[in-house]
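Descriptive structure summary
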Amino acid sequence: MISEEQFQKEIDLIISNAIREDVGDGDHSSLACIPATATGKAKLLVKDNGIIAGVEFAKQVFAYVDKNLQVETLINDGETVKHGDIVFYVTGSSQSILKAERLVLNAMQRMSAIATKTNFFVKLLEGTNTKILDTRKTTPGLRAAEKWAVKIGGGENHRFALYDMIMLKDNHIDFAGGVTKAIEKTKEYLKETGRDLKIIVEARNLDEIKEILKTDGVYRILIDNFNYKDTRTAVALIGDKCLTESSGGINEDTIREYAECGVNYISSGALTHSVYNMDLSLKAV
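Per an unreviewed UniProt entry, the protein chain goes by nicotinate-nucleotide diphosphorylase (carboxylating) and derives from Cellulophaga geojensis KL-A. What the UniProt record of the protein chain gives under Pathway (unreviewed entry) is the line "Cofactor biosynthesis; NAD(+) biosynthesis; nicotinate D-ribonucleotide from quinolinate: step 1/1."

Considering all chains together, one arrives at ten salt bridges under this definition. Between Asp-85 and Lys-82 there is a salt bridge, and its shortest N-O distance comes to 3.1 Å. Taking the relative accessible area as the measure of exposure, Asp-85 reaches 15% and is therefore buried. The partner of Arg-220 in a salt bridge is Glu-245, with the nearest N and O atoms 2.9 Å apart. Taken together, the residues span a long stretch of sequence, with Arg-220 in strand β9 (residues 220-224) and Glu-245 in strand β10 (residues 243-247) at a distance of 25 residues. Judged by its relative accessible area of 0%, Glu-245 falls in the buried class.

On to the pairing of β10. Burial analysis of β10 places four of its five residues in the buried class, which makes it a mostly covered element. Where β9 lies against β10, five bridges are found, and the strand directions are parallel. In the strand pairing of β10, Leu-222 is matched with Glu-245. Each parallel crossover has a hand, and the one from β9 via helix α9 (residues 228-238) to β10 is right-handed.

Our next topic: unusual backbone geometry. One non-glycine residue with positive phi stands out, namely Asn-225, at about 60°. Relative to the helices and strands, Asn-225 is located in the loop between β9 and α9. On the basis of relative accessible area, Asn-225 is assigned to the exposed category, the value being 54%.

To continue, consider the pairing of strand β5 (residues 86-93). Taken across its eight residues, β5 has six buried, putting it largely inside the fold. As paired elements, strand β1 (residues 39-46) and β5 share six bridges and run antiparallel to each other. In the strand pairing of β5, Lys-43 is matched with Tyr-89. Examined bridge by bridge, strand β3 (residues 70-73) and β5 share four bridges and lie antiparallel to one another. Among the inter-strand pairings, Gln-70 is bridged to a residue of β5, identified as Thr-91.

A word on the UniProt feature "domain: Quinolinate phosphoribosyl transferase N-terminal" (unreviewed entry) in the protein chain. UniProt's feature table lists "domain: Quinolinate phosphoribosyl transferase N-terminal" (unreviewed entry) at residues 28-112, given in the numbering used throughout. As a span, residues 28-112 carries 42% helix and 28% strand, and end to end its C-alpha atoms are 30 Å apart.

Reading the values: the criteria
- Residues numbered from 1 in each chain as written.
- Predicted model: local features only at pLDDT ≥ 70, side-chain atom pairs only at ≥ 80, totals over all residues.
- Heavy atoms only, no water.
- UniProt positions renumbered as here; feature names shortened; annotations may be inferred.
- Salt bridge = Lys/Arg side-chain N within 4 Å of Asp/Glu carboxyl O.
- Buried < 20%, exposed > 50% of the residue type's maximum accessible area, 1.4 Å probe, protein only.
- Helix = DSSP H or I, 4+ residues; strand = E, 2+ residues; numbered from the N terminus.
- Pairing = 2+ DSSP bridges.
- Right-handed = clockwise from strand over helix to strand, strands pointing away.

This is how it looks when you write it as C-alpha cells:
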C-alpha cells in the first residue's frame, strides 16, 4: 500500500472533487431560502444494522466545507450499529451542513456497507491464520475511501494501484513469453529503474507454481482459481519460500475451506464491488 501521506492526498482529492461535482457555483436551494447567518444542528441517523464506517471521513468533509462546523461523535468507525442509533451530531452554519450532507451520506453509506461485508468475512476466518484482502475492483475515483472502509471492517489492503506493487497476472505472463521470462524481465526492470516494488505472480496450475519457485525474489504467489485439493498441494509446495494468496470467485460459502488449506491471504473483489449501501440519514434536530 501507499504511504499514509499519499493516502491522505487521495482522500483530499475525493473530497474536493466530490464537492466540485455536487455544489458547482453554489447550493442554490439553500442560498435561496436559508439566511447566511442561520445556524442549526443535525444528527446522523442509522436506519440499518452493521458496522459504521466513514465517521472520520465525514469530519474531513465538514472541515473542508466549513472549518467552523463542530462534530460531536457518539459512535466511532468500526463499531457495531443498529437501527435508531445516532452516530454523531454536527452543529454550525445551516447552509454549510446542507452543502456537505450528500457527500457525507453517499460516502458513509457505501463505506459502512463495505466495512460490514468485510467484517462478515473476517468473522468467517476466525481461528485460521488467513487474512482477507481487497482488490482494485473499486468505484473509479473512490478507491481510497473504499479501501479505508475495508480496514475499518477488519480486512487488509492489497496494492493500492498499478504503481505501488508488481503483479504479474495471466496476460502479463502470456505476453512476456512465460512465467520465468516475465519474472526475470520484471527484476531487470526494477533494477534498471531503481524501484523497490514487491512482486506477486499469479499461477494458473501446479506446474506454474513449480516454475515460479525456481526463481528468487517473488514476494507472494497468487493461487488463482484452484480447487481445494490443488490449493493444499500448492501451499505445501511453496512452504515458507514466499507468501500465498487464494483468489477467484471465493465467496462466503467457500472462504473458510480455502483458509483451512493454509493460505496466508484470500482476496475478494466482492468486498467493494458487490455491496448494498447501509441506510443512513442526516436529519435536522
